[in-house]
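Each chain, written out:
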Amino acid sequence: MGGGIVISRYFGAGDENKVSRAVHTVLAFGIASGLIITVVGVCFTPTFLKWMHTDPEVMPEAQEYFRYYFLGALAMVMYNICRSIMNALGDSRRPLYYLIFSSLLNILFDLLFIGVFRWGVWSAAAATVISQAASVALCMVHLLRKGNVFTVEIKKIRFDKTMLLEIVRFGLQNSVIALANVIVQSQINSFGKMAMAAYGTHAKIEGFAFLPITSFNMASTTFISQNLGAKQYERAKKGARFSILAAVLMAETIGICYFILAPHLIGLFDQTPGVIALGVQQGRTVALFYFLLAFSHSVAAVCRGAGKAFVPMFVMLFVWCVIRITYIIVIMRLIGEIRFIYWAYPITWGISSVIYLIYYLCSDWVHGFEK
């Protein structure tokens, strides 16, 4: 995400040298971080799962799954890096085609490994890794092609200190969100394997449901960054208004559908009555508040595109991390019921939305790169 913002900015400004330096730096960052994640993940999977209060009954399969998943961390990271590069340069079609190919390949290998060969849960992780690696290969073939401003040269893949600092600064927000989610997951895990299964099922549905909003936000960040780099301020403002409105309306429409269809959607993944009950409880607690989540993410995308990455990072750290975790710790000690954990999400979405609305209306975000 950070790499995409930096590349978009310099691409919009027509600075080919900095575009090239940013592209090669983010690729070097992807390779290094992918290898680190692989080693740390494979070695410390049992430790991480124990920290997260994983039910001992599912511990062996959880370890098996995540170790294979971590073995493919480099492929996962590099696909997202390559996708961000192409999106930042205005090429959103190829990443979509590669994603479709990867998804179909993943389904094929899932059916083959689990349905035909009857291998364990590790094979689902292996199928994901193989399909991601195939999409990375396609991305790199395109990026290595000669004759474009973004042409990748293997010998130029290295760290540029200035570019690296910019990329890291713009990319910190998602790390904060991920940290908060891990802590929430740890609290959910303490309620046992049914709660874990319900939370995991809800996360799958929510992740799929929010793909359109995520796509709008990625496009918004690129659009804002390119136009501000080219000093097209009014166009950037119009794009920001449209992307926020579209994301909010779409999110609430999806939320209403999820609220109504929650039992059927949860049942697609798990027919256990206890899992369905908990999954529906969580889904119906949060679904009607999706407009708040979409608004927060949309304004954060605008801020990132405008070079104001510190703003969403601070808001997410303070609200979605500190306040959310504090609320969960307090509520667990006072009441200890899982339904109150679910309320942590709409409460913190609402707080962040108020802060973002004030910032969006009152700040001079369009000149973010110039100050």
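The rules behind the values
Along every chain, residues carry numbers that run from 1 in the direction the sequence is written. Owing to the predicted nature of the model, reporting of local features is limited to residues with pLDDT of at least 70; listing and counting of side-chain atom pairs is limited to 80 or more, with chain, interface and lining totals taken over all residues. The basis for the side-chain values is all heavy atoms of the structure; hydrogens and waters are excluded. Secondary structure elements follow DSSP: runs of H or I of four or more residues count as helices, runs of E of two or more count as strands, with numbering from the N terminus. One fewer than the residue count of a helix, multiplied by 1.5 Å, yields its expected span. Relative accessibility thresholds used throughout: buried, under 20% of the residue-type maximum; exposed, over 50%; partly exposed, between the two (1.4 Å probe, protein chains only). Under the pairing criterion, centres of Phe, Tyr and Trp rings, with the six-membered ring standing for Trp, must be within 6.5 Å; the plane angle then separates stacked pairs below 30 degrees from edge-to-face pairs above 60, leaving the rest tilted. Contact definition: two residues touch when any of their heavy atoms are within 4.5 Å. Every axis corresponds to a line fitted to the C-alpha atoms, with the helix fit spanning only the stretch in contact, and the corresponding angles, defined between N-to-C directions, vary from 0 to 180 degrees. Crossing handedness follows the turn of the near helix against the far one: under a right angle anticlockwise gives a left-handed crossing, and clockwise gives a right-handed one. Residues are grouped as follows: Ala, Val, Leu, Ile, Met, Phe, Trp, Tyr, Cys and Pro are nonpolar; Asp, Glu, Lys and Arg are charged; all remaining types, including Gly, are polar. When a carboxyl oxygen of Asp or Glu is within 4 Å of a side-chain nitrogen of Lys or Arg, the pair counts as a salt bridge. Residues belong to one nonpolar core when they are buried, are Ala, Val, Leu, Ile, Met, Phe, Trp, Tyr or Cys, and are joined through side-chain atoms within 4.5 Å. A residue's pLDDT is the confidence the predictor assigns to it, expressed on a 0 to 100 scale. Angles below 35 degrees are treated as roughly parallel, those above 145 as roughly antiparallel, those between 65 and 115 as roughly perpendicular, and all remaining angles as oblique.

1. Looking at helix H5 (residues 93-116)
At step 1: Relative to the 34 Å expected for 24 residues at 1.5 Å per residue, H5 spans 33 Å between its end C-alpha atoms, a close match to the ideal helical length.
At step 2: Taken residue by residue, H5 has Pro95, Tyr98, Ser102, Leu105, Asn106, Phe109 and Phe113 as its buried positions.
At step 3: Residue Arg118 follows H5 closely and has a positive phi angle near 60°.

2. Overview of the packing of aromatic side chains
At step 1: All told, the structure shown has 19 aromatic pairs when counted by the stated rule.
At step 2: Both rings, one in Tyr258 and one in Tyr290, keep their centres 6.5 Å apart while their planes meet at 25°; by these two values the pair is stacked. Here the residue Tyr258 occupies a position in helix H10 (residues 233-269), and Tyr290 occupies one in helix H12 (residues 290-305), the gap between them amounting to 32 residues.
At step 3: A relative accessible area of 0% places Tyr290 in the buried class.
At step 4: Ring pairs connect the aromatic residues Tyr68, Phe109, Phe113, Phe117, Trp119 and Trp122, which therefore count as one cluster.

3. Focus on helix H11 (residues 273-286)
In an α-helix, one full turn covers 3.6 residues, which means residues spaced three or four apart are oriented alike.
At step 1: For H11, built from 14 residues, the straight-helix expectation of 20 Å at 1.5 Å per residue is met to within 8% by its first-to-last C-alpha distance of 20 Å.
At step 2: Taken together, the buried positions of H11 are Val275, Ile276, Leu278, Gly279, Val280, Gln282, Gly283, Thr285 and Val286.
At step 3: Where the residues of H11 are buried, they touch helix H8 (193-209), H10, H12, helix H14 (338-342) and helix H15 (344-362).

4. As for the packing of helix H1 (residues 2-12) against helix H9 (residues 211-229)
At step 1: Running from N to C, H1 and H9 cross one another at 35°; their axes reach a closest spacing of 6 Å. Handedness of the H1/H9 crossing: right-handed. Together, Ile5, Ser8, Arg9, Phe11 and Gly12 of H1 and Thr221, Thr222, Ser225, Gln226 and Gly229 of H9 make up the contact between the two elements.
At step 2: Of the residues assigned to the contact of H1 with H9, the class counts are two nonpolar, seven polar and one charged.

5. Points about the pattern of salt bridges
Oppositely charged side chains may form a pair once their charged atoms are brought near each other.
At step 1: Under the defined criterion, the tally for this structure stands at seven salt bridges.
At step 2: In this structure, Arg339 engages Glu337 in a salt bridge whose closest nitrogen and oxygen atoms are separated by 2.7 Å.

6. Considering the nonpolar core
At step 1: Ile188, Tyr290, Trp349 and Trp365 are the most contacted members of the largest nonpolar core, which has 55 residues in total.
At step 2: When residues of this core are assigned to their parent elements, the largest contribution, ten residues, is made by H10.
At step 3: The residues contacting Tyr290, other than those within four sequence positions of it, are His202, Glu206, Phe210, Ala251, Glu252, Gly255, Tyr258 and Trp349.
At step 4: By size, the runner-up hydrophobic cluster in this structure holds 29 residues, among which are Tyr79, Ile81, Ala88 and Val152.

7. A short note on the confidence of the model for the protein
At step 1: Of all residues in the protein, 97% have pLDDT values of 70 or greater, and the mean over the chain is 88.
At step 2: The spread of mean pLDDT over the elements of the protein runs between helix H7 (residues 161-189), the lowest at 78, and H15, the highest at 95.

8. Side note on the environment of Leu112
At step 1: Relative to the elements of secondary structure, Leu112 occurs in helix H5.
At step 2: Leu112 sits 15 residues away from Ala127 along the chain, and the two C-alpha atoms are 9.2 Å apart.

9. Details of unusual backbone geometry
At step 1: Even without being a glycine, His53 presents a positive backbone phi close to 55°.
At step 2: Structurally, His53 is set in the loop between helix H2 (16-51) and helix H3 (59-71).
At step 3: The partly exposed category is assigned to His53, whose relative accessible area is 45%.
At step 4: Backbone geometry at Lys231 places phi at a positive 65°, although glycine is not the residue there.
At step 5: The topology assignment puts Lys231 in the loop between H9 and H10.

10. Quick notes on the packing of H12 against H15
At step 1: At a minimum axis distance of 8 Å, the contact between H12 and H15 shows a crossing angle of 40°. Viewed along their axes, H12 and H15 adopt a mutual orientation that is oblique. In terms of crossing hand, the pair formed by H12 and H15 is left-handed. Counting all contacts with H12, which are made through Tyr290, Leu292, Leu293, Phe295, Ser296, Val299, Ala300 and Cys303, the residues of H15 involved are Pro346, Trp349, Gly350, Ser352, Ser353, Tyr356, Leu357, Tyr359 and Tyr360.

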